[in-house]
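# Tertiary structure, described
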Amino acid sequence: MATMATTELAINGGTPVFEKPVPFMAVGLTKKDIAAANEVLESGMLRAASKCAALEEAYAKASDAKIGLTCANGTCALQLAYGALIEPGDEVIVPAWTYIATASMLVAAGAKLVFCDSLEDSYQADPKDIEKKITKNTKAIAVTHLYGIPCDIDAIQAIAKKHNLKVIYDAAQAHLATYKGKGIGAFGDAVTYSFYATKNMGTGEGGMVTTNDPAVARQMGLLRSHGETDKYLHEQVGFNYRMNDITGAIGLSKLDELPGQTERRREVAKVYDARIDTIDGIDRPNITAGSEPAWHLYTCRFNPEAFTCTRDEFMAALNKEGVPTALHYPKSLTRQPAFKHVVEQNGGHEPPVALKLAQRIFCIPIHQNLTDDQANAVCDAIEKVANAFRK
């Protein structure tokens, strides 16, 4: 419950905006989800079977893709897509501002990474910088619909067409996002999703990869299950990246509710947009033209020149007001030890916007269970802290 706002910050002994912290996310299983899982448990058919097949069909349709393949998790989904579309030694452009799996699974596929920068206002891969990074050795672009905001698909597809490149979209955070009226599964050579517990469609673990190319689907299917074309007949080497029907059943149940939950997230984002636009020194995310985000995360930008505090001090004060915050992410991938060699091979160059975002972004609560009153109170807290620390 939100309390009457006072100007004294809670971190200094004042009354917090929320008596009890507002939840940062909405996770867990409903009774309907549990009943779906129990039905499979009671059937004894626990392996990938009818529920996984039904989820593949339903999710592909919901995202405007032709073919869907369930798998063990979102990282496996990336590995399947990269394994089907990228050869060892291929040069692949990937954002420095994304979760590590987008890039690390390229390394696992034997690719050579080339980091591109992102747009400061939308956090998505910068198409102009992508084009600058293309060489005669570039074979693919792997980009993220980060935070659930679709990137500039038209621009990226145009670049790919011009240079004859494959495009893989990491949509781990973008379930049911759309671009110019179409589901994001309609674009690119493959699109990958995560069903990790904290995602908009969280099954605990689990993933999906979609494509519109039957040949790519066949290759991903072979990689998913030991290259098997018949019982104990293996056309090639593969993995065991299958989902199980318990997870598939939970996914089907979750997918039923996802459209309404996604629409509610969009309504909360509109409340935030309107309010944050009035708070000097804090910038809201600007979405890609023509996109409808899924709003997995609502990520603001802190302007250090406007305040007497640091970004982390601002977040700490918000937390004391009952508004939990998070950093997604604290570092550009160029600052991760795992990619030190990539930076060195590139003469030490690091995409500058990615470095800047790591110092400025912070995430505030967004989910389908937030009320308009709670969303407005979150903004009250941001305004309160901003006014207290403004220069």
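Details of the structure are given in the entry above.
Now for a look at the structure at hand.

Criteria and cut-off values
Residues numbered from 1 in each chain as written. Predicted model: local features only at pLDDT ≥ 70, side-chain atom pairs only at ≥ 80, totals over all residues. Heavy atoms only, no water. Buried < 20%, exposed > 50% of the residue type's maximum accessible area, 1.4 Å probe, protein only. Helix = DSSP H or I, 4+ residues; strand = E, 2+ residues; numbered from the N terminus. Contact = heavy atoms within 4.5 Å. Right-handed = clockwise from strand over helix to strand, strands pointing away. Pairing = 2+ DSSP bridges. Salt bridge = Lys/Arg side-chain N within 4 Å of Asp/Glu carboxyl O.

Buried residues of helix H4 (residues 100-108): Ala101, Thr102, Ala103, Ser104, Met105 and Leu106, and no others. Looking at the packing, one finds that the buried side of H4 touches helix H3 (74-85), strand S2 (91-95), strand S3 (112-116), strand S4 (138-144) and strand S5 (166-170). Just downstream of H4 lies Gly110, where phi reads positive at about 85°.

Attention now moves to the pairing of S5. Here S5 lies mainly inside the structure; 4 of its 5 residues are buried. Crossover handedness for the path S4 to helix H6 (residues 153-163) to S5: right-handed. Bridging between S5 and strand S8 (residues 190-194) involves 3 bridges; their strand directions are parallel. When the sheet's bridge partners are listed, Asp170 is paired in S8 with Thr192.

Here we take up the pattern of salt bridges. Overall, the coordinates contain 23 salt bridges when judged by the stated rule. Lys180 is the partner of Asp154 in a salt bridge, and the nearest nitrogen-oxygen pair spans 2.5 Å. Of this pair, Asp154 sits in helix H6 while Lys180 sits in the loop between strand S6 (178-179) and strand S7 (182-183), placing them 26 residues apart in sequence. Where Glu263 meets Arg266, a salt bridge forms, and the shortest distance between an N and an O atom there is 3.9 Å. Placement of the pair is Glu263 and Arg266 together in helix H8 (residues 245-276), with a separation of 3 residues, close to one helical turn. Owing to a relative accessible area of 35%, Glu263 belongs among the partly exposed residues under this scheme. Among the charged side chains, a salt-bridge network with shared partners connects Lys32, Asp256 and Glu257.

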